[in-house]
Amino acid sequence: MHASRGTQKRSAGLGLALLSAFAFGGSGVAAKPLIEAGLDPLHVVWLRVTGAALIMLPVAWRHRNLVRERPALLAGFGLFAVAGVQACYFAAISRIPVGVALLVEYLAPALVLGWVRFVQRRPVTRAAALGVVLAVGGLACVVEVWAGLSFDALGLLLALGAACCQVGYFVLSDHGGQEVKGREGHEGRGGDGGSIEPPPPLGVIAYGLIVGALVLTVVARPWGMDWSLLGGNAGMNGTGVPAWVLLGWIVLIATVLAYGTGVVSVRMLSPQVAGVVACLEAVIATVLAWVLLGEHLSAPQLIGGFTVLTGAFIAQSSAPKPPSGPVAAGAGAAAAAAESELSAGRASH
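For the structure given in this document, a descriptive report is provided here. (Residues numbered from 1 in each chain as written. Predicted model: local features only at pLDDT ≥ 70, side-chain atom pairs only at ≥ 80, totals over all residues. Heavy atoms only, no water.)

1. A few points about the overall build of the chain
Line of reasoning, step 1. Assigned secondary structure in the chain consists of 15 helices and 4 strands.
Line of reasoning, step 2. Within the chain, the fraction of its 349 residues that count as buried is 50%.
Line of reasoning, step 3. The contacts in the chain between residues at least 6 apart in sequence include a share of 82% that link residues at least 24 apart.
Line of reasoning, step 4. Surface exposure of the chain reaches about 15900 Å², of which carbon and sulfur atoms provide 67%. (Helix = DSSP H or I, 4+ residues; strand = E, 2+ residues; numbered from the N terminus. Buried < 20%, exposed > 50% of the residue type's maximum accessible area, 1.4 Å probe, protein only. Contact = heavy atoms within 4.5 Å. Areas by Shrake-Rupley, 256 points an atom, 1.4 Å probe, with all protein chains shown as cover.)

Following this line, the structure appears as structure tokens:
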């Protein structure tokens, strides 16, 4: 019974991770026509995050207790998972080729494994490590990284910053899903030996988007945007599409749905497994660009896409080993210790 539940939960988590990757992958296809129509890339990012934040305001109000209970998690999620990834990536591609920036950013799964192995001091299966290697190698073929390597140091650092923010996304999502057990003598909730339920994913998403919108407002300075462009059409492979339709897709599908399903999938799988599955975003984005924008795939890209799929499957099918020792001390030491105690139970539920 426990094994069956674990399999069902793992399958559901994989399905949500794939849905998240599809939703994220569609953002570029919708955003590119808007950028080509004259909108600044940072303005598109600001519209995306701010629009989603406004939609999620009722959810934020419903879970307003999170501001008091988990302020560090909300601030970190907004800074890293929302604002950091997108701002660093768009800044990077202004200095280095898109393929190079995307490859560096999607080193995040390997960095997550490094976090789990060397910071949390938890063993990682060889199959999961092999899956990461295959996924990153296949991704290099998908983006055809050999097509341009003339990048500067600052652009590379910005892309690496996006990768580090991706790590923050997966680690914070998993950390936010930990059930913290109280101990004798501890103050606050859980001090009587009870437990603190993990914060609701949609609440974390809502406040993360709000924090991200505030940060991006300073970076993007939207008061200088040409708002009239949103009332016109944007060209998609020779076909005019209303700009507001594309913006709606970016906000509702590529942000609200993408982040929501992504956080839930991390909690049902693990940071390293969900991180590898997220590499499929690049494959999905390339396929959608082929179909909707007329950007054709080359043979190496097709081979790379298959390699990414293979790597993701290998990593997904290899359950992470439960921790065998104490994790590194720090601000989240109590929650991390609880993760050590509950890891075996989560693997079989």
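Here the narrative resumes.
2. A closer look at the pattern of salt bridges
Line of reasoning, step 1. Under the defined criterion, the tally for this structure stands at 1 salt bridge.
Line of reasoning, step 2. Of the charged contacts, one joins E69 and R68 as a salt bridge, the two residues approaching to 3.8 Å between their closest N and O atoms.
Line of reasoning, step 3. Since its relative accessible area comes to 33%, E69 is described here as partly exposed. (Salt bridge = Lys/Arg side-chain N within 4 Å of Asp/Glu carboxyl O.)

3. Quick look at the pairing of strand β4 (residues 239–242)
Line of reasoning, step 1. As paired strands, strand β3 (residues 233–236) and β4 are joined by 4 bridges and run antiparallel to one another. Paired with G235 across the bridge in β4 is G240.
Line of reasoning, step 2. If you look at the hairpin formed by β3 and β4, you'll find 2 residues sitting between the two strands, and N237 has a positive phi there, around 55°. (Pairing = 2+ DSSP bridges.)

4. Some words on the packing of helix α5 (residues 71–93) against helix α10 (residues 201–220)
Line of reasoning, step 1. Across the interface, α5 lies against α10 with an axial gap of 7 Å and an inter-helix angle of 55°. The orientation of α5 with respect to α10, classified from their angle, is oblique. As for how α5 packs across α10, the hand of that crossing is right-handed. Residues L73, L74, A75, F77, G78, L79, V82, A83 and A87 of α5 pack against G203, V204, I205, Y207, G208, L209, V211, G212, V215 and L216 of α10.
Line of reasoning, step 2. Taken together, the residues of the contact of α5 with α10 sort by class into 15 nonpolar, 4 polar and no charged. (Axes fitted to C-alpha atoms, helices over the stretch in contact; angles between N-to-C directions. Parallel < 35°, antiparallel > 145°, perpendicular 65-115°, else oblique. Left-handed = near helix turned anticlockwise from the far one by under 90°. Nonpolar A, V, L, I, M, F, W, Y, C, P; charged D, E, K, R; others polar.)

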